[in-house]
Every structure is written in structure tokens, then in C-alpha cells.
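Listed below are the residues making up each chain.
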Amino acid sequence: MSLKIWLKAQQETVDAALDQILPSEDTRPATIHQAMRYSMFAGGKRLRPILCLAAAEACSGEEESALFPACAVEVMHTYSLVHDDLPSMDDDDLRRGRPTSHVVYGEGIAVLTGDALLTEAFTIIAQTPSTESYNARDYVLELSETGGSKKLIGGQVLDLEGEGKELNQEQLVHIHEAKTAALLCSSLRLGGMSANCTAEQLQALTDFGYNLGLAFQVIDDILDVTQTTEQLGKTAGKDESVDKSTYPAILGLEESKAEATRLTTLALDALKPLGEKAARLEQIARHMLEREF
Ligand code: GRG
């Protein structure tokens, strides 16, 4: 099966699982459940759940078990986007070409939507079946560490504090480790854990996720320069390049491309202990480098 067809099938599997697992739109109070579903089904690529499922496959796991962490990481990711778009954060009116949650539902409901999604992520992850080596406690700790003040939230704090300042490469890497690489890494680790991976496999997934996460962010920054904001459908009105440090701004475009290639090579090298079963992970990394995932 070609990567394109496989990716589409995985997206559909994840969408169906999310649809089943999330409270329906008419669950009372309807507003919050409609708002949660509005942001969950907004056309995201489902990169994190797909990495989770591919990691489980690489460790000979069952898709059925990996679907719980796959949904949990996507729900946590969506919470971070809803809050990131708020007027008090990035103040974005559009995400993936659609009005953001606070534009549609008002700021109060958007804050609560993010809170509800974050809480829901833990309800979902706790349902991941135990294996010989891992149980609900391990899964919950993995996700809470990633969502906490040293990773996602810490990264957002550094990002807010860095606005309008000229950051150096080390500071930028630190933000992206926390904001982007951490959740990609956890998505892979949770997929492996749901498949009862060995310590060696878990390390391989961690190293792959770290380098892939950084590569993803460098590529995202490059695309911000090489494609127009309108094409990406990301933001309305506000030009983020003015107050945010990016790889092309620090390294230049050509060196940023070389950095994306270097990080992808490191990610691919990390997959070696997983052997042939990691073929999908390898394809995803190569595809990401060629053009946005
Ligand atoms: C805790 C409020 C809060 C924020 C945490 C993750 C994060 C920090 C903010 C999200 C905003 C952002 C631009 C993060 C960088 C990572 C990134 C490029 C996210 C977009 O991910 P995609 O491209 O999005 O996978 P889709 O829409 O496809 O799901």
C-alpha cells in the first residue's frame, strides 16, 4: 500500500475512534461538547496519532490497544492549539482555514474547551490496556509529564517570554524541544508502550521522536517563509514573523534546509534497532522532509 493511501486510512481510523470516544454534540451542556468537536474535527493531519499507531506496529502491537493513546495525544494536541490561539496567547483568528474556537464560541468557552480536552485526554489514556511491562499509571505519567510545566506548557512560557526578542539557536531549540518534539516523542513512546516494547525499542522511538520533532519544526518554519500565510490558512491579520524567532531568521533558508536534513538523518538512524517493522515510520520521516506532512 502506498504511503498516501495508508496515511488516509490511518486518518480515517483515528477519526472514527475519536468520534466514538468523545461525548456527542447533544450531551449536556451541548455548547462545550459542540466546541470540543468543532476543534477536534477541524481538518488536522493527525500526525501524532499516526506516529503512535506506526510505533505500535513497529513493536508488533495491536492497533486496537494503540488507538487509546493515539486519540489521547490528538486530544491533548488540540487543547494546546485552542489555548495557543487565544487572544492572551497568539491571538489567531484562523486555524487551518477555519475560525478559531474563541472566534466562534467566545473566549470563555474556548478556555473551557481547552480545559475539557486536556481533561478528556487523561480519561482516554487511562483506558489503554495494560501489557506485561506497562499499565495505566505508566501511560498517565508519560502524558502528564509531556503536557506539564517542563514540556508543553514550559515551552509556551519560553515562547511568550521570547516574543519580540532575538533568540539564539540554542534558545530556539529549547522552545521546540518542549513545544513540538515532546508530544511527538510521547506519541511514539505511548504507541510502543501499548505494544509492550522493550527498553531498547523505547529508546529508539524516543530518539526518533526527538529528532523528527525538531525536524518538523524546522520544516514548519521553512514553509512559513516559502509559502504564503494565505496558502497555509494559518493566521489572519497578524504577521507572526515580526515578533517570533524562526530557524530561517537565525540560520538563513539554505542552512535551515540543511538542518532539517541533518535532523531527519539522525531520526532515521535511530530507527535501526526496530528493523523492517519500522518501515512506515521511516516513510513518514522521509515524506515530512520532502514536503509538509
Ligand atoms: C499549552 C497553550 C499551550 C501550548 C503548548 C504545542 C503548543 C504549546 C502550541 C501549539 C501551537 C504551535 C504552532 C506549536 C508548534 C507545533 C506545531 C507546528 C503545531 C501544529 O501541528 P500540526 O501541523 O497541526 O500537526 P494540525 O492542525 O495538522 O493538527
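In the nomenclature of an unreviewed UniProt entry, the protein is known as Farnesyl-diphosphate synthase of Rubritalea profundi. Checking UniProt for the protein, the heading Sequence similarities (unreviewed entry) contains the comment "Belongs to the FPP/GGPP synthase family." The heading Cofactor (unreviewed entry) in the UniProt record of the protein holds the text "Mg(2+)".

I tried to follow the overall build of the protein on my own but got confused; where do I start?
A tally of helices and strands in the protein yields 14 helices and two strands. Relative to the globule expectation of 19 Å for 293 residues, the C-alpha radius of gyration of the protein, 18 Å, shows essentially globular dimensions. For the protein, the C-alpha atoms occupy an extent of roughly 50 × 50 × 35 Å along the three principal directions. Here the protein holds 293 residues, and 43% of them are scored as buried. Within the protein, residue pairs in contact and separated by at least 24 positions form 73% of the contacts whose partners lie at least 6 positions apart.

Quick question: what am I supposed to make of the site of the ligand here?
Taken together, 16 residues lie near the ligand, and Gly-44, Lys-45, Ser-80, His-83 and Asp-84 sit nearest. It is helix α4 (residues 63-84) that contributes the most residues to the shell around the ligand, five residues altogether. When its residues are assigned to classes, the shell around the ligand shows four nonpolar, seven polar and five charged.

Is there a simple way to explain the environment of Glu-64 in this structure?
Within the fold, Glu-64 resides in helix α4. Between the C-alpha atom of Glu-64 and that of Ala-260, which follows or precedes it by 196 residues, the distance is 33 Å.

Could you clarify how one ought to interpret helix α13 (residues 253-270) in this entry?
Helical periodicity: at 3.6 residues per turn, an α-helix aligns residues three or four positions apart in one direction. Along its 18 residues, α13 runs 26 Å from first to last C-alpha, staying within 8% of the 26 Å computed at 1.5 Å per residue. Looking only at α13, the buried set comprises Ser-256, Glu-259, Ala-260, Leu-263, Thr-264, Ala-267 and Ala-270. One face of α13 carries all of its buried residues, which in axial projection span an arc of 135°. Turned more than 90 degrees off the buried face of α13, the exposed positions are Glu-254 and Asp-269. If you follow the buried residues of α13, they end up packed against α10 (199-226), α12 (247-251) and α14 (279-290).

Please explain the packing of helix α8 (residues 152-162) against helix α9 (residues 169-194) as it appears in this structure.
A pair of packed helices is characterised by two quantities: the angle between their axes and the separation of those axes. Contact geometry for α8 and α9: axes closest at 8 Å, N-to-C directions at 145°. Considering how the two elements wind past one another, α8 and α9 form a crossing that is left-handed. On the side of α8, the interface is formed by Leu-152, Gly-154, Gly-155, Gln-156, Leu-158, Asp-159 and Gly-162, while α9 contributes Gln-171, His-174, Ile-175, Ala-178, Lys-179, Ala-182 and Leu-183. Classifying every residue of the contact of α8 with α9 gives six nonpolar, six polar and two charged.

What exactly am I supposed to notice about the packing of α9 against α10 here?
Packing of α9 against α10 leaves a shortest axis separation of 7 Å and a crossing angle of 140°. The angle between the axes of α9 and α10 places the two elements in the oblique class. Between α9 and α10 the crossing geometry is right-handed. For the pair α9 and α10, contact is made by Val-173, His-176, Glu-177, Thr-180, Ala-181, Leu-184, Cys-185, Leu-188, Arg-189 and Gly-192 and by Gln-201, Leu-202, Leu-205, Thr-206, Phe-208, Gly-209, Tyr-210, Leu-212, Gly-213, Leu-214, Phe-216 and Gln-217, respectively. Residues belonging to the contact of α9 with α10 are distributed by class as follows: twelve nonpolar, eight polar and two charged.

Would you mind showing me how to read helix α6 (residues 107-125) here?
Here α6 contains 19 residues, and its C-alpha end-to-end distance of 27 Å stays within 8% of the 27 Å for a straight helix at 1.5 Å per residue. Burial in α6 covers these residues: Ala-110, Thr-113, Gly-114, Ala-116, Leu-117, Glu-120, Ala-121, Ile-124 and Ile-125. Each element contacted by the buried residues of α6 is listed here: α1 (3-21), α2 (30-40), α4, α5 (101-105) and α7 (136-147).

For this particular structure, what's the right way to read the environment of Asp-224?
Positionally, Asp-224 belongs in helix α10. When the C-alpha atoms of Asp-224 and Leu-112 are compared, they prove to be 30 Å apart, with 112 residues separating the residues in sequence.

Explain the nonpolar core here, please?
Cys-52, Ala-55, Cys-71, Ala-72 and Ala-215 are the most contacted members of the largest nonpolar core, which has 76 residues in total. Setting aside residues no more than four positions away along its own chain, Cys-52 makes contact with Ala-66, Pro-69, Ala-70, Val-73, Ser-187, Leu-188, Leu-190 and Gly-191.

It is not clear to me how the confidence of the model for the protein should be interpreted in this structure. Could you clarify?
Regions with low pLDDT carry predicted coordinates that are not meant to be interpreted in detail. For the protein, mean pLDDT is 94; residues scoring 70 or higher make up 94% of the total. In the model, residues 234-239 has pLDDT below 50 throughout and makes twelve contacts with residues more than four positions away in sequence or in other chains.

Rules used throughout
- Residues numbered from 1 in each chain as written.
- Predicted model: local features only at pLDDT ≥ 70, side-chain atom pairs only at ≥ 80, totals over all residues.
- UniProt positions renumbered as here; feature names shortened; annotations may be inferred.
- Helix = DSSP H or I, 4+ residues; strand = E, 2+ residues; numbered from the N terminus.
- Rg over C-alpha atoms; globule rule 2.2 N^0.38 Å.
- Buried ≥ 20, exposed ≤ 12 C-beta atoms within 10 Å, placed from the backbone.
- Contact = placed C-beta atoms within 7 Å.
- Near = placed C-beta within 6 Å.
- Nonpolar A, V, L, I, M, F, W, Y, C, P; charged D, E, K, R; others polar.
- Expected span 1.5 Å × (residues − 1).
- Arc of directions from axis to C-beta.
- Axes fitted to C-alpha atoms, helices over the stretch in contact; angles between N-to-C directions.
- Left-handed = near helix turned anticlockwise from the far one by under 90°.
- Parallel < 35°, antiparallel > 145°, perpendicular 65-115°, else oblique.
- Core = buried A, V, L, I, M, F, W, Y, C linked by C-beta atoms within 7 Å.
- pLDDT = per-residue confidence, 0-100.

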